[in-house]
Amino acid sequence: MKQNTATPRFRLLVHGQDGSIPYLTPELLRLMFFPEETADNESLEDGELNREHIILGLAVKDTCISPDYQHTLSSKKKRKGDSIVDENNRSTNLAKQARLNHDADASIQKSSSDGKDTSSDSKQQQQQQQHNKKPTGYSFLNRDKSSRICGLLNGEENSTTSNYMEDYLRTPEHISTLIVPTFSFINNDNDISTNTSEEKKFTPKKVEANQSQQRKCSCSNIVIPKSTKDSVSIETPHGWQSIQPEHYCDAVSSMALSTKSNVVPSSCEGAVGLFDYVNLSSTQSESLLLENSTTAEQGRKQALKKITMSVQRSNDWACRSHQTFVNEAQPIRFWLPVQILASQLPSHVLFTTTKTRPNLQKQVEDKEQALLSNHSNVAIVGWDALVYDNNQRRNVLRNLMGTVQSVSSNPKQFLLLAVNDLQSILDAAREGISIIGSDMARILSRDGIALCFDFDCVDGISAKEIDMNKTNFARDFDPILFKCTCLACRPRTNGRAPSFTRAYIHHLIQAKEMLAEILLFSHNLHQLILLFRQLSNAAALDDEKEDKEHLETTCRKIEQSLA
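Residues numbered from 1 in each chain as written. Predicted model: local features only at pLDDT ≥ 70, side-chain atom pairs only at ≥ 80, totals over all residues. Heavy atoms only, no water.

K.L.:
Explanation requested: the overall build of the protein chain in the structure shown.
P.N.:
The secondary structure content of the protein chain amounts to 19 helices and 14 strands. The buried share of the protein chain, reckoned over its 563 residues, is 47%. Surface exposure of the protein chain reaches about 30200 Å², of which carbon and sulfur atoms provide 48%. (Helix = DSSP H or I, 4+ residues; strand = E, 2+ residues; numbered from the N terminus. Buried < 20%, exposed > 50% of the residue type's maximum accessible area, 1.4 Å probe, protein only. Areas by Shrake-Rupley, 256 points an atom, 1.4 Å probe, with all protein chains shown as cover.)

K.L.:
Is there a simple way to think about empty space enclosed by the protein in this case?
P.N.:
Over the atoms, a rolled probe matching the size of one water molecule traces out where space is still vacant. This structure, assessed with the given rule, holds three cavities of 30 Å³ or more. In terms of lining, the second largest cavity is formed by 13 residues, of which the most central are Val-311, Asn-315, Pro-337, Val-338 and Gln-339. Of all the secondary structure elements, the ones that give two or more residues to the lining of the second largest cavity are α11 (297–327) and β9 (334–339). Considered class by class, the residues forming the lining of the second largest cavity number eight nonpolar, four polar and one charged. (1 Å grid on protein atoms, 1.4 Å probe; cavity = no way out; pocket = protein on both sides within 12 Å on 5 of 7 lines; lining within 4 Å. Points joined across faces, edges and corners; volume = space filled by probe spheres on them. Nonpolar A, V, L, I, M, F, W, Y, C, P; charged D, E, K, R; others polar.)

K.L.:
For this particular structure, what's the right way to read the sheet that holds strand β2 (residues 54–59)?
P.N.:
Across a sheet, paired strands are connected by hydrogen bonds in the backbone, their directions being either parallel or antiparallel. Reading around the barrel, the eight strands line up as β1-β2-β5-β8-β9-β10-β11-β12 and close back on themselves, with parallel pairing between neighbours. Adjacent strand axes in the sheet meet at a mean angle of 25° when their direction is disregarded. Pairing of strand β5 (residues 176–180) with strand β8 (residues 268–272) involves two bridges; the strand directions are parallel. Looking across to β8, one finds that Ile-179 is bridged to Ala-271. Relative to β5, helix α9 (residues 245–256) is tilted by about 165°, and along the sheet it contacts β2, β5 and β8. (Pairing = 2+ DSSP bridges. Axes fitted to C-alpha atoms, helices over the stretch in contact; angles between N-to-C directions. Contact = heavy atoms within 4.5 Å.)

K.L.:
How should I be thinking about the pattern of salt bridges in this particular structure?
P.N.:
Two side chains that carry opposite charge are able to pair once their charged atoms sit near each other. Under the definition given, this model contains 18 salt bridges. As a salt-bridge pair, Arg-394 and Glu-431 come within 2.7 Å of each other at their nearest N and O atoms. With Arg-394 in helix α14 (residues 390–406) and Glu-431 in helix α15 (residues 422–431), this residue pair connects regions lying 37 residues apart in the sequence. Just as Arg-394 is buried, Glu-431 falls in that class too. Taken together, the shared-partner salt bridges in this structure form one network comprising Asp-427, Arg-430, Glu-552, Arg-556 and Glu-559. (Salt bridge = Lys/Arg side-chain N within 4 Å of Asp/Glu carboxyl O.)

Here it is as structure tokens:
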């Protein structure tokens, strides 16, 4: 059933990779979100509902990192007393550079006298020289770099209508986007930001399962560089890179704004500010829930100190970012990041910065605190790092949202940045989180698992996960899910047979073909969009009628079916 409201109650924030939806090529994106008109217009309605319930998350960590090259010859640094040697090296390098330029000019003049086309040869030489150069470092995007990149792509140096997201990242125009520094400090799969190159070779299934289990265990012992009062380190494809709030604002502006104007695309939902990582041990995390225990009092004090310092650093970065956007008159919607463990802090400490350093029992008010507390867009981070069970995590989320709402009368819109299981999605919807970020569709597809929701079955709601790795699907010629209209399950145009059967997808998994992950991802993403559509419809019924049980009943039926 199509929803009447312009914006659904719940929307899915898909974790993008390199500025795009994982696995989906431009043609697959068109088929899923911008289908052609059919006789019954069913495809058009599915495409419109898919666009309404999805937001593409763009991470600065992998979309705005670029190499830096040294364009001039440099001399090695000598000892402090060797000023004469430095001067000789500098003059030698200048002479060498002048000799190289003279030889290049002579070759160009000779080619022009012979009647050859020198423009193409010079371009090829420049490209070859750029290719042979090694980067001296890496930096984040700014307005000059984005203008230069867009100019090279469009064939013109001074473009007035270029946009980095549309020209370089090729983000679909009518899909909403949200810019974040990083989705999580914890790399769950170790396949994006891995710095060690490993040769691809065949491994038996048992050995591969043991290796994946070891990778999962090693993720809990990951070492994250400590942040400072001016910068935080985020993991990029080129290692850990430090970024300051001002540099982050430049990267956000370069992505969202046009190259020659401050016009923000209507599909851009804004940007989440920089946030810090709270590195707590398991003992310290458990001590936060044991308020009356004397043995855990020391661990609780240490945990609260770490949380306070992290929250104040994040608030300080948020104030600096907000001030940067205001000074440059950039109309970018800003989302205030709030650490979920901040629910353990008093309300007057929740929105303080490192400049105030208040005592936990002292009331402090200033302009920055009023700016932060009155902010209407709140992004909750750190959910994936919690070691609590489902009920404890939900209580922590409820306490944090209540504390944030109590310090200001302005209505708040909440965003949960990283959620990777169905139970957490249902709990977040129950608590009123309007935007829920997840990489669940890609993670399940990589493991060969298909989500299956049936909201029209006789028993009410059917929800299950199908492991396509099992051998009983080797001769199963049914679609993944009947009545599913995703790219993998929809019937062919010339008959009733599905586009791809379970047996074919099982064969692709056994052959380790990437097409298996592509088909499973398109199916899982479609199923998650159906789930968010159902939750939005249930919340809309709760608003129309007096009994507020439709959303709770829907979540309970899904939980019972999964159990």
